[in-house]
Structures are given as C-alpha cells and as structure tokens.
Amino acid sequence: MEDLLDRCTLCPRRCGANRSAGQRGFCGAGQTVRIARTMLHRWEEPCLVGAHGAGAVFFSHCTLRCIYCQNAAISHEGSGSDVTEEELARLFLSLARQGAATLDLVTPTHYTPQILRALSLARKNGLTLPVVWNTSGYETVENVRRIAGAADIFLPDLKYAAEESGRLYSAAPDYAAAAQAAVTAMVKQLGPVQFSADGQLLRGVLVRHLVLPGHRRESIALVRWLWENFGDRVQLSLMRQYTPLFRAAEFPPLHRQLTTFEYESVVDAARALGMTRVYVQGAEAVGAQYVPDFR
C-alpha cells in the first residue's frame, strides 16, 4: 500500500500530496507515523473499556480543523513522536499486556497503510484485542473498505447534518455527505452490533454524536437519520461533554456550554423514535479535566 502515500487520497479531501517524497497535505502528516500518547483510557464508552480501560493510541495530525477541538495541540499542531511500523506494533502489544479491553486507534485515517501493516505485525506476535477504528467520521467509502478485516469496531463521529456547519466549524463543507456515506459503508461491512455476555462490544458500529450549543435541531436530524437507516443495528453515544475550547469563543453560539434543555431535547427525540441502544451523559461529563494530557 506504499503507493497510497505517493498521491494521497486517504480522506475525502483527496489532496494528492506525495507524502513518500516528503510533501504534507491538508492533514499535515508525512510518511512516518506520529503519535502523541498511548494510555489505558477509562473515559471511553462502557462497552469499550472493560476493567482497566481501552488501549488508546492517539495519532498526531488530523484531516479536519475543528474550531472547538479539545486535542488541538496534536491534531492541529502535530505535536508528538515519530515511530516506525515495528515500534507501533510493539506499542499495540504493550497495551494488550497492560490489560486493555480493546485497541483504540484514535484519529487513524491519515495513517491507514502504516497502521494496517503494524496491526499485521502485532497479530503475528499474538495480538487478539478487538480493534477500534476511532475516527472523526470524515472517511471515504474506499478507505472503509480498505480497513475490512482489520477493524472489529468502527467508532465514527457524526458531527453535522448541514453543509454550513461542516464548513464553518471543521473546514469541511462536504462533511455531512462524506460521513453519512462512510457510516453506511461501516454498517454494511460489520453488520449489527454484537456484545459479549458481560456487555463488551465485540463487533459493529458505535456512532458518537457531540451535541453542540445552538444546534439541537441539527442533532435531532442526525438521530432521525440514524434510526431511519439503521434502527438498533448501531449503538449511539449522545455526548453532553461539549466544552468551549481552542477557538470556540470566536464562533457563537459555540462560545458557550450546552444547556440541559438542548441536550435533553436530543435524548427525548431518540427515545420518541424508539431507540434503545443509546448512551447518554450526565452534566458531570463536562469540563477540560477530561482532556488527556499530551505533554
């Protein structure tokens, strides 16, 4: 898959950067994988963390430019350390030895070829954890198909239903169309969610949606789209944790926190539709203290 980096089209921007020759496209990533942190992450959804946490690998750089990004130091600025594919495979195995319930690959899209090779190496050396492709949702259908057989769980964000929101808040006016096509491909690939007897997610698609202040109607439209297209074949995580970080102060109404009314309106809409596979959050989930320390 080396030629995928010669003219990069891994994300919907299809910028064509020759990363093999040192060029960097919109995302800022080069030929070598850069990671910001690995950790046992206890703040993911309950079905991913088990007794000790998800084995999270935070990749540097990102295909989006979200103005409220809580990880801006790594996604926008690209801070982190370069690792070879062999070193990455060893990190995967180290997380498994620490008791991780899943291997949680956070923002992996722009490193797809390297990650797939590292996963192959790790599996040859005993990795058996369910692999979580924890993505912004800004994927191409081709890349979703490329991951077939490597990821057991897709964990996409579904951020926006409106083109204007994608343009204004993430520099991606095609976000809604791209993410909906990608989620559809993910469900087609993995089928309905499958859980173990103790509630751990083994296979399927867990869709995250962060409810944004001033955008409850857009959130309700996304919940309705999920229900009409997939019913209870997917697990939904409705997140209340929006915190106005990074440049959010420049973009009202994202300059403020979410109100209880806004969040509960979306939860009520999901309940009225008949959704049963929905995670909800309490107000205690809000705050910068939940942002991982990338120093």
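Bear in mind the structure is a predicted one, so any value in this text is a computation, not a measurement.

Engineer: Just to check I follow, could you spell out the overall build of the protein for this structure?
Structural biologist: Per the secondary structure count, the protein includes nine helices and ten strands. Overall, the C-alpha framework of the protein stretches about 50 × 45 × 35 Å when taken along its three principal axes. Taking all 295 residues of the protein together, the buried fraction comes to 53%. Taking the intrachain contacts of the protein between residues at least 6 apart in sequence as the baseline, contacts between residues at least 24 apart amount to 72%. For the protein, the computed accessible surface area is about 12,300 Å², with 49% contributed by carbon and sulfur atoms. For the protein, the separation between the mean place of its 31 positive charges and that of its 28 negative charges on side chains is 1 Å.

Engineer: What am I meant to see in the nonpolar core here?
Structural biologist: Within soluble globular proteins, side chains that are nonpolar generally end up buried alongside one another. With 75 residues, the main nonpolar core has Tyr68, Leu88, Phe92, Leu103 and Leu105 as its most contacted residues. When residues of this core are assigned to their parent elements, the largest contribution, nine residues, is made by helix 7 (residues 175–190). Core analysis: the next-biggest nonpolar cluster, separate from the first, contains eight residues, Val132, Ile153, Leu155 and Val193 among them.

Engineer: Would you mind showing me how to read the pairing of strand 9 (residues 235–239) here?
Structural biologist: When a strand is regular, its side chains alternate between the sheet's two faces. Among the five residues of strand 9, five are classified as buried, and the element is accordingly described as predominantly covered. Residue alternation in strand 9 divides its side chains into two sets, Gln235, Ser237 and Met239 and Leu236 and Leu238, and both sets are buried. Relative to strand 9, strand 8 (residues 201–210) runs parallel, the two sharing five bridges. Following the sheet pairing, arginine 208 is matched in strand 9 by serine 237. In this fold, strand 8 hands off to helix 8 (residues 216–230), which returns the chain to strand 9; that crossover is right-handed. Here strand 9 pairs with strand 10 (residues 278–279) via two bridges, running parallel. Looking at strand 10, one finds that leucine 236 is bridged to valine 278.

Criteria and thresholds
Residue positions within a chain follow its written sequence, with the count starting from 1. Two thresholds apply to this predicted model, a pLDDT of at least 70 for residue-level local features and 80 or more for giving and counting side-chain atom pairs, whereas whole-chain, interface and lining totals are computed over all residues. Calculation of side-chain values draws on the structure's entire complement of heavy atoms; hydrogens and water are dropped beforehand. Only DSSP runs of H or I covering at least 4 residues are called helices, and only runs of E covering at least 2 are called strands; the numbering of each starts at the N terminus. Only protein chains enter the area calculation, which uses a 1.4 Å probe; residues under 20% of their type maximum are buried, those over 50% are exposed, and those in between are partly exposed. Contacts were defined at the residue level, with two residues in contact if any of their heavy atoms lie within 4.5 Å. Only the protein chains shown count as cover for residues, and all accessible areas are computed by the Shrake-Rupley method using a 1.4 Å probe. We count Lys and Arg on the positive side and Asp and Glu on the negative side, and we leave His and both chain ends out. A single reference atom marks each charge: NZ on Lys, CZ on Arg, CG on Asp, CD on Glu. Here, the term nonpolar core denotes a set of buried Ala, Val, Leu, Ile, Met, Phe, Trp, Tyr and Cys residues that are joined through side-chain atoms within 4.5 Å. If DSSP finds at least two bridges between two strands, the strands pair. We call a crossover right-handed when, viewed with the strands running away from us, the connection from the first strand over the helix to the second turns clockwise.

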